[in-house]
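# A closer look at the structure
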Amino acid sequence: MSASALSFSTLGLDPTLTQRLDELEYQQPTDIQAAAIPLMLAGEDVMAGAQTGTGKTAAFVLPILQRLIAAKNESLTHSDNTKTPGSDSQINATSSGVKALILVPTRELAQQVHQSVVQYAEHTDISAVMVYGGVSIKAQVTSIQAGVDIIIATPGRLLDHLRNKVMSLSSLQYLVLDEADRMLDMGFKEEIVEVLKRLPKQRQTALFSATLDDQIFRFSQRLLRSPKIVETAKRNSTAAKIIEKVYNLDSERKSALLGHIVNKEPWSQTLVFSRTKQGADKIAAQLTANKISAAPFHADLSQFVRESTLADFKAGKVKVLVATDVAARGLDIEQLDAVVNFELPFKAEDYVHRIGRTGRAGKDGVAVTFLSPDDEALLVALERKLDRRLPQQWYQGFEPDLTKEPALQPRKAKKGSLKQRARQKAIADSARKRK
Ligand code: AMP
(Lines give C-alpha, C1' and ligand atoms only; values in the text may rest on other atoms or scores of the structure.)
Protein backbone atom coordinates (compact mmCIF):
# COMPACT_ATOMS: atom_id res chain seq x y z
CA MET A 1 0.00 0.00 0.00
CA SER A 2 1.38 3.45 -0.72
CA ALA A 3 1.73 5.95 2.11
CA SER A 4 -0.75 8.26 0.38
CA ALA A 5 -3.58 5.78 1.00
CA LEU A 6 -2.83 5.71 4.71
CA SER A 7 -3.84 7.80 7.65
CA PHE A 8 -2.27 7.81 11.10
CA SER A 9 -5.28 6.07 12.61
CA THR A 10 -5.10 3.19 10.13
CA LEU A 11 -1.52 2.66 11.31
CA GLY A 12 -3.02 1.90 14.72
CA LEU A 13 -2.28 5.14 16.55
CA ASP A 14 -4.33 6.20 19.54
CA PRO A 15 -6.79 9.15 19.15
CA THR A 16 -4.78 11.12 21.75
CA LEU A 17 -1.93 11.11 19.26
CA THR A 18 -3.87 11.39 15.99
CA GLN A 19 -5.70 14.43 17.36
CA ARG A 20 -2.35 16.03 18.10
CA LEU A 21 -1.08 15.21 14.61
CA ASP A 22 -4.20 16.86 13.17
CA GLU A 23 -3.41 19.98 15.18
CA LEU A 24 0.14 19.90 13.83
CA GLU A 25 -1.36 19.56 10.35
CA TYR A 26 0.35 16.29 9.57
CA GLN A 27 -2.05 15.06 6.92
CA GLN A 28 -0.63 11.64 6.29
CA PRO A 29 2.28 9.49 7.41
CA THR A 30 5.53 9.80 5.51
CA ASP A 31 6.97 6.61 3.97
CA ILE A 32 9.22 5.84 6.90
CA GLN A 33 6.34 6.40 9.34
CA ALA A 34 4.01 4.14 7.33
CA ALA A 35 6.68 1.42 7.33
CA ALA A 36 8.06 1.68 10.86
CA ILE A 37 5.07 2.59 13.06
CA PRO A 38 3.06 -0.66 12.60
CA LEU A 39 6.19 -2.75 13.15
CA MET A 40 7.12 -0.90 16.31
CA LEU A 41 3.54 -1.09 17.60
CA ALA A 42 3.70 -4.85 17.03
CA GLY A 43 6.74 -5.03 19.29
CA GLU A 44 9.28 -5.82 16.57
CA ASP A 45 12.90 -4.72 16.64
CA VAL A 46 13.40 -2.37 13.72
CA MET A 47 16.39 -1.28 11.70
CA ALA A 48 15.50 1.72 9.58
CA GLY A 49 17.40 3.54 6.89
CA ALA A 50 16.11 7.10 6.96
CA GLN A 51 17.65 10.52 6.82
CA THR A 52 16.67 13.66 8.66
CA GLY A 53 13.79 15.27 6.80
CA THR A 54 11.95 12.02 6.14
CA GLY A 55 9.88 12.26 9.33
CA LYS A 56 12.02 9.62 11.05
CA THR A 57 11.69 11.16 14.52
CA ALA A 58 7.92 10.73 14.57
CA ALA A 59 8.42 7.21 13.16
CA PHE A 60 9.97 6.08 16.44
CA VAL A 61 8.51 8.61 18.90
CA LEU A 62 4.84 8.00 18.05
CA PRO A 63 4.83 4.21 18.59
CA ILE A 64 6.76 4.59 21.85
CA LEU A 65 4.25 7.18 23.09
CA GLN A 66 1.41 4.92 21.99
CA ARG A 67 2.78 1.96 23.92
CA LEU A 68 3.45 4.06 27.01
CA ILE A 69 -0.10 5.44 26.88
CA ALA A 70 -1.45 1.89 26.50
CA ALA A 71 0.62 0.68 29.45
CA LYS A 72 -0.53 3.57 31.65
CA ASN A 73 -4.17 2.98 30.74
CA GLU A 74 -3.75 -0.69 31.48
CA SER A 75 -2.24 -0.05 34.87
CA LEU A 76 -5.00 2.46 35.70
CA THR A 77 -7.84 0.06 34.91
CA HIS A 78 -6.00 -2.88 36.58
CA SER A 79 -7.42 -5.10 33.85
CA ASP A 80 -4.69 -7.68 33.65
CA ASN A 81 -6.66 -9.87 31.24
CA THR A 82 -7.63 -7.27 28.66
CA LYS A 83 -4.76 -6.38 26.41
CA THR A 84 -4.80 -2.84 25.12
CA PRO A 85 -3.63 -2.55 21.50
CA GLY A 86 0.04 -1.75 21.52
CA SER A 87 0.78 -3.17 24.94
CA ASP A 88 2.94 -6.22 25.47
CA SER A 89 2.36 -8.81 28.14
CA GLN A 90 6.08 -9.61 28.35
CA ILE A 91 6.83 -6.06 29.38
CA ASN A 92 5.98 -4.84 32.83
CA ALA A 93 3.51 -2.06 32.21
CA THR A 94 3.23 -0.82 35.76
CA SER A 95 6.84 -0.52 36.89
CA SER A 96 8.07 2.97 37.61
CA GLY A 97 11.29 4.43 36.29
CA VAL A 98 12.57 5.34 32.86
CA LYS A 99 10.74 3.34 30.17
CA ALA A 100 12.34 4.57 26.99
CA LEU A 101 15.82 5.71 26.05
CA ILE A 102 16.63 7.52 22.83
CA LEU A 103 20.35 7.73 22.16
CA VAL A 104 21.51 10.49 19.82
CA PRO A 105 24.94 11.69 18.66
CA THR A 106 24.74 15.40 19.54
CA ARG A 107 23.11 17.72 21.99
CA GLU A 108 21.44 19.64 19.16
CA LEU A 109 19.75 16.45 18.04
CA ALA A 110 18.84 15.67 21.66
CA GLN A 111 17.09 19.02 21.86
CA GLN A 112 15.23 18.45 18.62
CA VAL A 113 14.10 14.96 19.50
CA HIS A 114 13.04 16.22 22.93
CA GLN A 115 11.07 19.01 21.28
CA SER A 116 9.33 16.43 19.05
CA VAL A 117 8.48 14.20 22.02
CA VAL A 118 7.04 17.13 23.95
CA GLN A 119 5.10 18.25 20.90
CA TYR A 120 3.58 14.85 20.15
CA ALA A 121 2.92 14.06 23.84
CA GLU A 122 1.06 17.33 24.42
CA HIS A 123 -2.24 15.58 25.31
CA THR A 124 -0.65 12.89 27.45
CA ASP A 125 1.05 12.88 30.84
CA ILE A 126 4.21 11.34 29.45
CA SER A 127 7.37 13.18 30.42
CA ALA A 128 10.79 13.38 28.83
CA VAL A 129 14.17 14.84 29.79
CA MET A 130 17.44 15.37 28.00
CA VAL A 131 20.79 14.18 29.23
CA TYR A 132 23.84 15.59 27.51
CA GLY A 133 27.20 17.08 28.28
CA GLY A 134 27.96 20.76 28.70
CA VAL A 135 25.12 21.57 31.10
CA SER A 136 24.69 21.10 34.83
CA ILE A 137 24.52 17.45 35.89
CA LYS A 138 22.56 18.49 38.97
CA ALA A 139 19.57 19.79 37.04
CA GLN A 140 19.49 16.66 34.89
CA VAL A 141 19.66 14.37 37.91
CA THR A 142 16.91 16.29 39.72
CA SER A 143 14.50 15.94 36.83
CA ILE A 144 15.31 12.25 36.35
CA GLN A 145 14.82 11.52 40.03
CA ALA A 146 11.48 13.32 39.95
CA GLY A 147 10.33 10.45 37.70
CA VAL A 148 10.43 10.51 33.96
CA ASP A 149 9.24 8.19 31.18
CA ILE A 150 11.61 9.00 28.34
CA ILE A 151 15.25 10.03 28.34
CA ILE A 152 16.93 11.48 25.29
CA ALA A 153 20.67 11.28 25.75
CA THR A 154 24.10 11.45 24.20
CA PRO A 155 26.01 8.26 25.05
CA GLY A 156 28.93 9.82 26.99
CA ARG A 157 26.95 11.80 29.55
CA LEU A 158 24.41 9.02 30.00
CA LEU A 159 27.21 6.60 30.80
CA ASP A 160 28.59 9.02 33.42
CA HIS A 161 25.17 8.97 35.12
CA LEU A 162 24.91 5.20 34.97
CA ARG A 163 28.43 4.70 36.30
CA ASN A 164 27.85 7.18 39.13
CA LYS A 165 24.66 5.31 39.90
CA VAL A 166 22.65 8.53 39.96
CA MET A 167 20.14 6.77 37.75
CA SER A 168 19.24 3.26 36.71
CA LEU A 169 17.68 1.96 33.54
CA SER A 170 16.59 -1.36 35.01
CA SER A 171 12.93 -0.87 34.03
CA LEU A 172 13.72 0.23 30.49
CA GLN A 173 11.45 -1.21 27.80
CA TYR A 174 12.30 0.71 24.64
CA LEU A 175 15.66 1.69 23.22
CA VAL A 176 16.17 3.79 20.11
CA LEU A 177 19.49 4.61 18.50
CA ASP A 178 18.94 7.66 16.34
CA GLU A 179 21.50 8.51 13.66
CA ALA A 180 23.42 5.39 14.61
CA ASP A 181 25.88 5.81 11.74
CA ARG A 182 26.87 9.21 13.04
CA MET A 183 27.26 7.91 16.57
CA LEU A 184 29.69 5.29 15.29
CA ASP A 185 31.51 7.87 13.14
CA MET A 186 31.88 10.07 16.19
CA GLY A 187 33.50 7.24 18.13
CA PHE A 188 30.63 6.45 20.52
CA LYS A 189 30.75 2.70 19.89
CA GLU A 190 32.42 1.79 23.19
CA GLU A 191 30.13 4.04 25.20
CA ILE A 192 27.05 2.54 23.52
CA VAL A 193 28.27 -0.97 24.28
CA GLU A 194 28.81 0.06 27.91
CA VAL A 195 25.29 1.52 28.08
CA LEU A 196 23.84 -1.67 26.54
CA LYS A 197 25.39 -3.77 29.31
CA ARG A 198 23.35 -1.79 31.81
CA LEU A 199 19.98 -2.26 30.07
CA PRO A 200 17.48 -5.09 30.52
CA LYS A 201 17.81 -7.75 27.80
CA GLN A 202 14.01 -7.93 27.52
CA ARG A 203 13.27 -4.78 25.58
CA GLN A 204 12.33 -3.49 22.16
CA THR A 205 15.09 -1.84 20.17
CA ALA A 206 15.01 0.32 17.07
CA LEU A 207 18.02 1.59 15.17
CA PHE A 208 17.69 4.52 12.78
CA SER A 209 20.52 5.45 10.49
CA ALA A 210 20.91 7.62 7.39
CA THR A 211 23.00 4.89 5.79
CA LEU A 212 22.67 1.15 6.31
CA ASP A 213 26.14 -0.07 5.51
CA ASP A 214 28.24 -3.02 6.67
CA GLN A 215 29.44 -1.19 9.76
CA ILE A 216 25.83 -0.61 10.84
CA PHE A 217 24.77 -4.18 10.06
CA ARG A 218 27.68 -5.58 12.07
CA PHE A 219 26.93 -3.28 14.97
CA SER A 220 23.19 -4.02 14.86
CA GLN A 221 23.88 -7.70 15.55
CA ARG A 222 24.89 -6.74 19.07
CA LEU A 223 21.67 -5.00 19.91
CA LEU A 224 18.76 -6.04 17.70
CA ARG A 225 16.86 -9.32 17.74
CA SER A 226 15.59 -10.53 14.34
CA PRO A 227 15.05 -6.95 13.24
CA LYS A 228 12.65 -5.98 10.50
CA ILE A 229 14.50 -3.78 8.03
CA VAL A 230 12.81 -0.74 6.54
CA GLU A 231 14.37 1.63 4.07
CA THR A 232 12.68 4.58 2.47
CA ALA A 233 15.21 5.26 -0.22
CA LYS A 234 17.87 3.26 -1.99
CA ARG A 235 20.95 2.63 0.11
CA ASN A 236 23.36 5.54 0.09
CA SER A 237 21.03 7.50 -2.15
CA THR A 238 19.89 10.97 -1.30
CA ALA A 239 16.32 11.97 -0.48
CA ALA A 240 14.09 13.07 -3.33
CA LYS A 241 13.27 16.66 -4.21
CA ILE A 242 16.79 18.00 -3.91
CA ILE A 243 18.29 19.71 -6.93
CA GLU A 244 22.06 19.21 -6.87
CA LYS A 245 24.43 21.57 -8.65
CA VAL A 246 28.19 21.38 -8.81
CA TYR A 247 30.05 24.53 -9.90
CA ASN A 248 33.65 24.30 -11.05
CA LEU A 249 35.64 27.29 -9.92
CA ASP A 250 38.98 28.33 -8.53
CA SER A 251 39.21 28.12 -4.76
CA GLU A 252 40.08 31.77 -4.29
CA ARG A 253 36.79 32.78 -5.92
CA LYS A 254 34.55 30.63 -3.71
CA SER A 255 33.92 33.36 -1.20
CA ALA A 256 32.92 35.85 -3.88
CA LEU A 257 30.59 33.33 -5.53
CA LEU A 258 28.99 32.48 -2.21
CA GLY A 259 28.25 36.16 -1.52
CA HIS A 260 26.92 36.56 -5.05
CA ILE A 261 24.65 33.51 -4.94
CA VAL A 262 23.27 34.29 -1.49
CA ASN A 263 22.38 37.80 -2.63
CA LYS A 264 20.96 36.73 -5.96
CA GLU A 265 18.95 33.64 -5.12
CA PRO A 266 15.59 33.98 -3.37
CA TRP A 267 16.80 31.85 -0.47
CA SER A 268 15.66 33.08 2.92
CA GLN A 269 18.02 30.70 4.72
CA THR A 270 21.18 29.03 3.59
CA LEU A 271 23.28 26.47 5.39
CA VAL A 272 26.91 26.49 4.28
CA PHE A 273 29.19 23.59 5.13
CA SER A 274 32.85 23.95 5.88
CA ARG A 275 35.21 21.07 6.52
CA THR A 276 36.90 22.86 9.40
CA LYS A 277 35.94 25.11 12.31
CA GLN A 278 38.50 27.70 11.22
CA GLY A 279 37.04 27.57 7.72
CA ALA A 280 33.54 28.16 9.10
CA ASP A 281 34.77 31.21 11.04
CA LYS A 282 36.53 32.59 7.97
CA ILE A 283 33.61 32.08 5.59
CA ALA A 284 31.15 33.68 8.05
CA ALA A 285 33.54 36.63 8.57
CA GLN A 286 33.91 37.15 4.81
CA LEU A 287 30.14 37.14 4.31
CA THR A 288 29.68 39.54 7.20
CA ALA A 289 32.32 41.83 5.66
CA ASN A 290 30.15 41.81 2.54
CA LYS A 291 27.13 42.91 4.60
CA ILE A 292 25.45 39.50 4.57
CA SER A 293 24.23 38.38 7.99
CA ALA A 294 26.14 35.19 8.66
CA ALA A 295 27.34 33.23 11.68
CA PRO A 296 29.62 30.26 12.26
CA PHE A 297 28.27 27.15 14.00
CA HIS A 298 30.73 24.61 15.36
CA ALA A 299 31.83 22.72 18.43
CA ASP A 300 34.37 25.33 19.63
CA LEU A 301 31.54 27.76 20.31
CA SER A 302 29.88 27.59 23.69
CA GLN A 303 26.52 25.91 24.08
CA PHE A 304 25.02 29.33 24.78
CA VAL A 305 26.43 30.87 21.59
CA ARG A 306 25.31 27.89 19.52
CA GLU A 307 21.79 28.01 20.89
CA SER A 308 21.42 31.74 20.35
CA THR A 309 22.93 31.51 16.85
CA LEU A 310 20.48 28.78 15.98
CA ALA A 311 17.59 30.80 17.39
CA ASP A 312 18.69 33.82 15.32
CA PHE A 313 18.95 31.67 12.21
CA LYS A 314 15.51 30.18 12.80
CA ALA A 315 14.08 33.65 13.40
CA GLY A 316 15.61 34.88 10.14
CA LYS A 317 17.99 37.32 11.85
CA VAL A 318 20.93 35.33 10.52
CA LYS A 319 20.59 34.50 6.85
CA VAL A 320 23.57 32.21 6.41
CA LEU A 321 24.72 29.63 8.92
CA VAL A 322 28.22 28.31 8.28
CA ALA A 323 28.57 24.95 9.98
CA THR A 324 30.90 22.00 10.30
CA ASP A 325 29.52 18.53 9.65
CA VAL A 326 29.51 17.47 13.28
CA ALA A 327 27.78 20.63 14.51
CA ALA A 328 25.16 20.60 11.78
CA ARG A 329 24.23 16.99 12.28
CA GLY A 330 20.61 16.65 13.29
CA LEU A 331 19.71 20.32 12.88
CA ASP A 332 16.05 20.49 12.05
CA ILE A 333 15.32 23.81 10.50
CA GLU A 334 12.04 24.36 8.73
CA GLN A 335 12.10 25.97 5.30
CA LEU A 336 15.75 25.43 4.63
CA ASP A 337 15.96 26.49 1.00
CA ALA A 338 19.54 25.71 0.22
CA VAL A 339 22.68 23.99 1.29
CA VAL A 340 26.08 25.05 -0.01
CA ASN A 341 29.11 22.79 0.21
CA PHE A 342 31.96 25.28 0.33
CA GLU A 343 34.17 22.24 -0.13
CA LEU A 344 33.20 18.61 -0.61
CA PRO A 345 33.36 16.59 2.61
CA PHE A 346 36.03 13.91 2.94
CA LYS A 347 33.39 11.25 3.47
CA ALA A 348 30.68 10.49 0.94
CA GLU A 349 28.18 9.84 3.77
CA ASP A 350 28.64 13.40 4.94
CA TYR A 351 27.59 14.65 1.51
CA VAL A 352 24.33 12.69 1.83
CA HIS A 353 23.77 14.07 5.34
CA ARG A 354 24.60 17.60 4.28
CA ILE A 355 22.24 17.81 1.35
CA GLY A 356 19.54 16.07 3.39
CA ARG A 357 19.25 19.34 5.33
CA THR A 358 17.29 20.81 2.45
CA GLY A 359 14.27 19.43 0.56
CA ARG A 360 12.61 18.67 3.88
CA ALA A 361 9.17 17.10 4.29
CA GLY A 362 7.99 17.62 0.75
CA LYS A 363 9.62 20.98 0.03
CA ASP A 364 12.06 21.32 -2.84
CA GLY A 365 15.62 22.21 -1.95
CA VAL A 366 18.84 23.14 -3.69
CA ALA A 367 22.22 21.68 -2.83
CA VAL A 368 25.12 23.57 -4.36
CA THR A 369 28.69 22.30 -4.30
CA PHE A 370 31.75 24.45 -5.03
CA LEU A 371 34.30 22.24 -6.71
CA SER A 372 37.86 23.48 -6.99
CA PRO A 373 40.51 21.40 -8.82
CA ASP A 374 42.02 20.14 -5.54
CA ASP A 375 38.70 18.43 -4.64
CA GLU A 376 38.27 16.53 -7.89
CA ALA A 377 39.44 13.22 -6.39
CA LEU A 378 36.78 13.58 -3.69
CA LEU A 379 34.12 14.07 -6.35
CA VAL A 380 35.20 10.89 -8.14
CA ALA A 381 35.01 8.93 -4.86
CA LEU A 382 31.63 10.47 -4.05
CA GLU A 383 30.17 9.62 -7.45
CA ARG A 384 31.38 6.05 -7.05
CA LYS A 385 29.69 5.78 -3.67
CA LEU A 386 26.43 7.39 -4.85
CA ASP A 387 26.57 5.31 -8.02
CA ARG A 388 25.64 8.29 -10.14
CA ARG A 389 27.29 11.31 -11.72
CA LEU A 390 26.89 14.82 -10.39
CA PRO A 391 26.77 17.06 -13.44
CA GLN A 392 29.31 19.86 -13.28
CA GLN A 393 28.78 23.33 -14.63
CA TRP A 394 30.24 26.81 -14.63
CA TYR A 395 28.62 29.77 -12.96
CA GLN A 396 28.60 32.73 -15.30
CA GLY A 397 31.18 35.27 -14.24
CA PHE A 398 32.96 32.75 -11.99
CA GLU A 399 34.36 30.36 -14.60
CA PRO A 400 37.67 28.74 -13.61
CA ASP A 401 40.83 30.21 -15.07
CA LEU A 402 41.90 27.40 -17.38
CA THR A 403 45.20 29.00 -18.29
CA LYS A 404 46.37 28.76 -14.70
CA GLU A 405 48.59 25.87 -13.61
CA PRO A 406 47.27 24.27 -10.43
CA ALA A 407 49.85 25.33 -7.84
CA LEU A 408 52.02 23.07 -5.69
CA GLN A 409 50.85 19.72 -6.95
CA PRO A 410 52.93 16.67 -7.66
CA ARG A 411 53.67 16.18 -11.34
CA LYS A 412 51.35 13.22 -11.78
CA ALA A 413 48.40 14.88 -10.12
CA LYS A 414 49.04 18.06 -12.07
CA LYS A 415 48.82 16.19 -15.35
CA GLY A 416 45.59 14.50 -14.29
CA SER A 417 44.16 17.76 -13.13
CA LEU A 418 45.02 19.52 -16.38
CA LYS A 419 43.37 16.70 -18.31
CA GLN A 420 40.28 17.10 -16.14
CA ARG A 421 40.26 20.84 -16.80
CA ALA A 422 40.56 20.24 -20.54
CA ARG A 423 37.61 17.85 -20.28
CA GLN A 424 35.59 20.44 -18.34
CA LYS A 425 36.40 23.07 -20.94
CA ALA A 426 35.26 20.77 -23.74
CA ILE A 427 32.01 20.04 -21.87
CA ALA A 428 31.40 23.74 -21.26
CA ASP A 429 32.20 24.66 -24.87
CA SER A 430 29.78 22.10 -26.24
CA ALA A 431 27.11 23.23 -23.75
CA ARG A 432 27.59 26.81 -24.97
CA LYS A 433 27.30 25.70 -28.61
CA ARG A 434 24.06 23.87 -27.86
CA LYS A 435 22.48 27.01 -26.38
P1 AMP B 1 12.60 14.47 10.84
O2 AMP B 1 12.96 13.67 9.63
O3 AMP B 1 12.14 13.65 11.95
O4 AMP B 1 13.72 15.40 11.22
O5 AMP B 1 11.35 15.40 10.45
C6 AMP B 1 11.44 16.45 9.53
C7 AMP B 1 10.29 17.42 9.65
O8 AMP B 1 9.11 16.85 9.11
C9 AMP B 1 9.97 17.84 11.07
O10 AMP B 1 9.89 19.25 11.10
C11 AMP B 1 8.60 17.23 11.35
O12 AMP B 1 7.84 18.09 12.17
C13 AMP B 1 7.99 17.11 9.96
N14 AMP B 1 7.09 15.95 9.80
C15 AMP B 1 7.28 14.70 10.28
N16 AMP B 1 6.28 13.88 9.91
C17 AMP B 1 5.42 14.62 9.17
C18 AMP B 1 4.19 14.34 8.49
N19 AMP B 1 3.66 13.12 8.51
N20 AMP B 1 3.59 15.36 7.84
C21 AMP B 1 4.15 16.59 7.82
N22 AMP B 1 5.31 16.93 8.43
C23 AMP B 1 5.95 15.96 9.10
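A brief report on the enclosed structure follows.

Packing of helix α4 (residues 107–120) against helix α12 (residues 303–314) leaves a shortest axis separation of 12 Å and a crossing angle of 50°. Taken as axis vectors, α4 and α12 run oblique relative to one another. The handedness of the crossing between α4 and α12 is right-handed. Residue-level contacts link R107, E108 and Q111 of α4 to Q303, R306 and E307 of α12.

Where a protein is soluble and globular, its nonpolar side chains tend to be buried together. L62, L65, I102, V117, I150, I152 and F208 are the most contacted members of the largest nonpolar core, which totals 44 residues. Tallying contributions element by element places helix α3 (residues 56–77) first for this core, with 9 residues. For F208, the residues in contact, after removing those within four places along its chain, are I32, A36, M40, A48, K56, A59, F60, V176, L177, D178, E179 and A180. By size, the runner-up hydrophobic cluster in this structure holds 33 residues, among which are L159, L196, L199 and L212.

Moving on to the sheet that holds strand β12 (residues 338–341). Read from one edge to the other, the open sheet built from 7 strands follows the order β10-β11-β9-β12-β13-β8-β14, with strand pairing classed as parallel. Both edges of this open sheet fall to β10 (294–297) and β14 (392–393), since each of them pairs with a single strand only. Here 4 bridges tie strand β9 (residues 270–273) to β12, and the two strands are oriented parallel to one another. The residue of β12 that forms the bridge with V272 is V340. Each of β8 (242–248), β9, β11 (320–323), β12 and β13 (365–371) is contacted by helix α10 (residues 254–264), which is oriented at about 160° to β13, the strand it contacts most.

In this section: the pattern of salt bridges. Within this structure, the stated rule accounts for 17 salt bridges. Residue K228 pairs with E44 through a salt bridge whose shortest N-O separation is 3.6 Å. On the criterion of sequence distance, the pair formed by K228 in strand β7 (residues 228–231) and E44 in the loop between α2 (31–41) and β1 (46–49) is long-range, its members being 184 residues apart. E349 is paired through a salt bridge with K385; the nearest N and O atoms lie 3.0 Å apart.

Before going further, it helps to spend a moment on α10. Taken residue by residue, α10 has K254, S255, L257, L258, G259, I261 and V262 as its buried positions. On its buried side, α10 packs onto β8, β9, α11 (277–289), β11, β12 and β13.

So, on to the packing of helix α14 (residues 348–355) against helix α15 (residues 376–386). One can describe the packing of α14 onto α15 by two numbers: an axis separation of 9 Å at closest approach and a directional angle of 75°. In terms of axis orientation, α14 runs roughly perpendicular to α15. Two secondary-structure elements touch here, α14 through A348, E349, Y351 and V352 and α15 through L382, K385 and L386. Looking at the contact of α14 with α15, its residues break down into 5 nonpolar, no polar and 2 charged.

With that settled, the discussion passes to the sheet that holds strand β3 (residues 128–131). The strand order across the open sheet formed by 7 strands is β3-β4-β2-β5-β6-β1-β7, and the pairing between neighbours is parallel. A strand with exactly one partner marks an edge of an open sheet, and here the two such strands are β3 and β7. Strand after strand, the sheet turns through a mean of 15° between neighbouring axes, direction not considered. Where strand β2 (residues 100–103) and strand β4 (residues 150–153) come together, 4 bridges link them in parallel fashion. Considered in β4, the bridge of L103 is made with A153.

With the exception of glycine, the majority of residues adopt a negative phi angle, and the majority of peptide bonds are in the trans configuration. The backbone phi angle of E179 is positive, close to 55°, even though this residue is not glycine. Here E179 lies in the loop between β5 (174–177) and α7 (180–185). Its relative accessible area of 2% is what places E179 among the buried residues. In this structure, S226 takes a positive phi of about 35° despite not being glycine.

The rules we used
Residues numbered from 1 in each chain as written. Predicted model: local features only at pLDDT ≥ 70, side-chain atom pairs only at ≥ 80, totals over all residues. Heavy atoms only, no water. Axes fitted to C-alpha atoms, helices over the stretch in contact; angles between N-to-C directions. Helix = DSSP H or I, 4+ residues; strand = E, 2+ residues; numbered from the N terminus. Parallel < 35°, antiparallel > 145°, perpendicular 65-115°, else oblique. Left-handed = near helix turned anticlockwise from the far one by under 90°. Contact = heavy atoms within 4.5 Å. Core = buried A, V, L, I, M, F, W, Y, C linked by side-chain atoms within 4.5 Å. Buried < 20%, exposed > 50% of the residue type's maximum accessible area, 1.4 Å probe, protein only. Pairing = 2+ DSSP bridges. Salt bridge = Lys/Arg side-chain N within 4 Å of Asp/Glu carboxyl O. Nonpolar A, V, L, I, M, F, W, Y, C, P; charged D, E, K, R; others polar.

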